[in-house]
Amino acid sequence: MVFDNSGIENIVADQNVIQHVMNKHGLNLGGHWDYERVTYDLKYQIEEGVYYLRIPGYAVEGDVGARNAKLQMMDPYLGKHYYPTGIEYGEDEYFPPAVVEHCKRTIISISNDLREILA
């Protein structure tokens, strides 16, 4: 499930600023990063399964590994984890409404915080 037009996809900022705001809202730099790309994850472990809110970005300047990148953020998305195959994001997946609503509130809060800092 992609959260289109959230406002986050328009944000470009220093990696340290983005990292601070993401951590404030419970998202951690996931294991899916390299020198050009990042993914910030928020894990939901509930009765229906394990879900991840993911907010990706890529370096438009600098190096993610050196922590000196300027990041262009991208559309957030929600996926369901299946062991051992991984995470599925398809439209045919069921996403609990409470998780979806929490994701939307989190995305809005992150976007607002980043805009306030960058203003």
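Heads up: these notes are all about the structure in this document. (Residues numbered from 1 in each chain as written. Predicted model: local features only at pLDDT ≥ 70, side-chain atom pairs only at ≥ 80, totals over all residues. Heavy atoms only, no water.)

1. Remarks on the nonpolar core
Membership of the largest hydrophobic core comes to 28 residues, with the highest contact counts inside it found for Ile18, Met22, Tyr40, Leu71, Met73, Leu78 and Ile110. Put simply, the parts of the chain that give this core at least two residues each are α1 (15–24), β3 (37–46), β4 (49–61), β5 (70–73) and α2 (97–118). For this core, the leading source of residues is α2, giving 6 residues. Those residues in contact with Leu78 that sit more than four places away from it in its chain are Met1, Phe3, Tyr51, Tyr52, Leu53, Tyr89, Phe95, Val99, Val100 and Cys103. (Core = buried A, V, L, I, M, F, W, Y, C linked by side-chain atoms within 4.5 Å. Buried < 20%, exposed > 50% of the residue type's maximum accessible area, 1.4 Å probe, protein only. Helix = DSSP H or I, 4+ residues; strand = E, 2+ residues; numbered from the N terminus. Contact = heavy atoms within 4.5 Å.)

2. Brief notes about a nonpolar patch on the surface
Residues Val12, Tyr58, Val60 and Met74 make up a contiguous nonpolar surface patch of about 310 Å² in total accessible area. Secondary-structure assignment places Met74 in the loop between β5 and β6 (77–82). Met74 sits in the partly exposed class, given a relative accessible area of 37%. (Patch = residues over 30% accessible without salt bridge, like charges linked within 9 Å, V, L, I, M, F, W, Y side chains within 5 Å. Areas by Shrake-Rupley, 256 points an atom, 1.4 Å probe, with all protein chains shown as cover. Salt bridge = Lys/Arg side-chain N within 4 Å of Asp/Glu carboxyl O.)

3. Some details on unusual backbone geometry
Each neighbour pair has its own omega, and for Tyr83 with Pro84 the value is 0°, a cis peptide bond. Of note, Pro84 is situated in the loop between β6 and β7 (86–88). Phi is positive for Asn5, which is not a glycine, with a value near 55°. Phi is positive for Arg67, close to 60°, though the residue is something other than glycine. By the element assignment, Arg67 lies in the loop between β4 and β5.

4. Focus on the pattern of salt bridges
All told, the structure shown has 3 salt bridges when counted by the stated rule. Between Lys24 and Asp113 there is a salt bridge, with its nearest N and O atoms 2.9 Å apart. A residue pair is termed long-range when its members are at least 10 positions apart, and Lys24 in helix α1 and Asp113 in helix α2 qualify at 89 residues. Classification of Lys24 as exposed rests on a relative accessible area of 56%. A salt bridge links Asp41 to Arg54; the shortest N-O distance between them is 2.9 Å. Residue Asp41 is found in strand β3, and its partner Arg54 is found in strand β4; the two are separated by 13 residues along the sequence. Take Asp41 and Arg54: they sit in the same class, and that class is buried.

5. With respect to the packing of aromatic side chains
A complete count under the given rule lists 2 aromatic pairs for this structure. Measuring from ring centre to ring centre gives 4.9 Å for Tyr77 and Tyr89, while their planes differ by 85°; the resulting arrangement is edge-to-face. One end of the pair, Tyr77, is in strand β6; the other, Tyr89, is in the loop between β7 and α2, and 12 residues separate them in sequence. Under the relative-accessibility criterion, Tyr89 is labelled partly exposed at 30%. (Phe/Tyr/Trp six-rings, centres within 6.5 Å; stacked < 30°, edge-to-face > 60°.)

6. Digging into α2
The end-to-end C-alpha distance of α2 is 31 Å, a good match for the 32 Å that 22 residues give at a rise of 1.5 Å each. For α2, every residue scored as buried is listed here: Val99, Val100, Cys103, Thr106, Ile107, Ile110, Ser111, Asp113 and Leu114. Buried residues in α2, looked at end-on, bunch into an arc of 165°, giving them a common side. Facing away from the buried surface of α2 by more than 90 degrees, the exposed residues are Pro97, Ala98 and Glu116. (Expected span 1.5 Å × (residues − 1). Arc of directions from axis to C-beta.)

In short, shape yes, function no, at least from these values alone.
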